Every structure is written in C-alpha cells, then in structure tokens.
Amino acid sequence: MMKPDDILEYCTSNLDGIVLIESWGEKGIYYNPCNTLKRGVYILTIKEKDGDNDKSSNLNRDNIFRVNLGIRKTTFKELFGEIPKRPSAGNTVDMNYDFTELDKIIPHPVYAWMGWISVLNPSIETFETLKSFIEEAYGFSKEKFSKKK
C-alpha cells in the first residue's frame, strides 16, 4: 500500500516547476514555476481528514487518505460516462459510487463536476495506473497556468 509521502515524493521527483503547499488540512502539489503566482495551479491533493463540506469518503478512519486530481473533462467522460452537476454546499455529486471504497479510481465526491478524480489508499498497482492521470493533470495545470500568468 502506498503512503501519502510516497505519492508526494513521486510528484516532487518527477514533475518540474511544482510546489508543495500544506493548507486546509491537505497537502497540495501546484504547478508554479519560479513562484510566479500566489499559489499556482492545482495538480494533485492528498486529504487525510474530513472537512466541513466533504465527509463523503469518511477520511476520519484510521490510516485512510484520498488522492485527488483534476483531469480533462474529455478523459473524465471516457472513464465515467458523464460530467455530473455541481452539488450544493456540503453534498456530494449525484453519481452511483461508494466514495468510501479503497483502492479504486472513482469520481471525486465533490469536485467531479470540474473533472476531478480520486482514489482512497491506492495500492502500488493502482498507483501505477494513476501515474498517467497525474501526467495529464500536470499537463493540464501547465495549460491553465499559461493562461493565468
């Protein structure tokens, strides 16, 4: 089983121009070469506890964490068939997934409407699959960054 630090280490060792920021109870990898922007553009986050508006994965269980990343909506649709509507505050997207299931790449329980995916406690094998999505999220964040700066 992967640990959060293993995933962060993979990102910091393999992606250029990124920064690691810890805030809001999560660790985020942002694309932000030379700290051009205040924070940068999200690539990936790791969340280890429930938040006020996101309790759907039951992250308060012992040793449970969720990896979250934003991919292109076209890829999201290829994986899951549709982009859901934005949920109201404190609710989850209307998709038929068990957001507490471990080691399965699924839509993000709150941000799927933006094309985000997630996985709880990925195994080494699942992380190998996730790497291509990390690369996509990285490329996508670079595109968004170039529009913001």
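Coordinates for the structure precede this section.
Residues numbered from 1 in each chain as written. Predicted model: local features only at pLDDT ≥ 70, side-chain atom pairs only at ≥ 80, totals over all residues. Heavy atoms only, no water.

Student: In this structure, what is going on with the side chain of Asn-32? I would like to understand it.
Tutor: Mapped onto the secondary structure, Asn-32 falls in the loop between strand 2 (26–31) and strand 3 (41–47). In this structure the side chain of Asn-32 is engaged in a polar contact, spanning 2.9 Å, whose partner is the backbone oxygen of Leu-37. Here Asn-32 is in contact with Gly-17, Ile-18, Val-19, Leu-37, Lys-38, Arg-39, Gly-40 and Phe-145, once residues within four sequence places are set aside. (Helix = DSSP H or I, 4+ residues; strand = E, 2+ residues; numbered from the N terminus. Polar contact = N/O pair within 3.5 Å; in protein donor to acceptor, adjacent residues only side chain to side chain. Contact = heavy atoms within 4.5 Å.)

Student: What's the story with the environment of Tyr-138 in this structure? I'm lost.
Tutor: Summarising the element assignment, Tyr-138 is placed in helix 3 (residues 124–148). Through-space distance from the C-alpha of Tyr-138 to that of Ile-43 is 5.6 Å; in sequence the pair is 95 residues apart. In contact with Tyr-138, other than residues within four places in its own chain, are Leu-15, Asp-16, Ile-18, Tyr-31 and Ile-43.

Student: Looking at this structure, how should I read the nonpolar core?
Tutor: Judged by nonpolar contacts, the single largest core of 35 residues is most densely connected at Leu-44, Val-67, Leu-69, Ile-117, Leu-130 and Ile-134. Those elements that provide at least two residues to this core are helix 1 (4–14), strand 2, strand 3, strand 4 (66–70), helix 2 (73–80), strand 6 (116–120) and helix 3. Top contributing element to this core by residue count: helix 3, with seven residues. Beyond its immediate chain neighbours, meaning those up to four positions away, Ile-134 contacts Tyr-10, Cys-11, Leu-15, Ile-43, Leu-44, Leu-69 and Phe-127. (Core = buried A, V, L, I, M, F, W, Y, C linked by side-chain atoms within 4.5 Å. Buried < 20%, exposed > 50% of the residue type's maximum accessible area, 1.4 Å probe, protein only.)

Student: Help me understand helix 3 in this model?
Tutor: Two residues of an α-helix separated by three or four positions point the same way, owing to the 3.6 residues in each turn. With 25 residues, helix 3 extends 35 Å between its outermost C-alpha atoms, agreeing within 8% with the 36 Å of an ideal straight helix rising 1.5 Å per residue. Within helix 3, the axis deviates most sharply at Leu-130, by approximately 30 degrees. Within the span of helix 3, buried status applies to Thr-126, Phe-127, Leu-130, Phe-133, Ile-134, Glu-136, Ala-137, Tyr-138, Ser-141 and Phe-145. (Expected span 1.5 Å × (residues − 1). Bend = angle between axes of the 7 residues up to and from the residue.)

Student: How should I be thinking about the pairing of strand 3 in this particular structure?
Tutor: Regular strands place their side chains on alternate faces of the sheet. Of all seven residues that make up strand 3, six are buried, and the element is covered over most of its length. In this structure, strand 2 lies alongside strand 3, joined through six bridges in antiparallel fashion. Within strand 3, the position partnered with Lys-27 by the bridge is Ile-46. Where strand 3 lies against strand 4, four bridges are found, and the strand directions are antiparallel. By the bridge assignment for strand 4, Lys-47 is matched with Arg-66. (Pairing = 2+ DSSP bridges.)

Nothing here speaks to function; it is geometry throughout.
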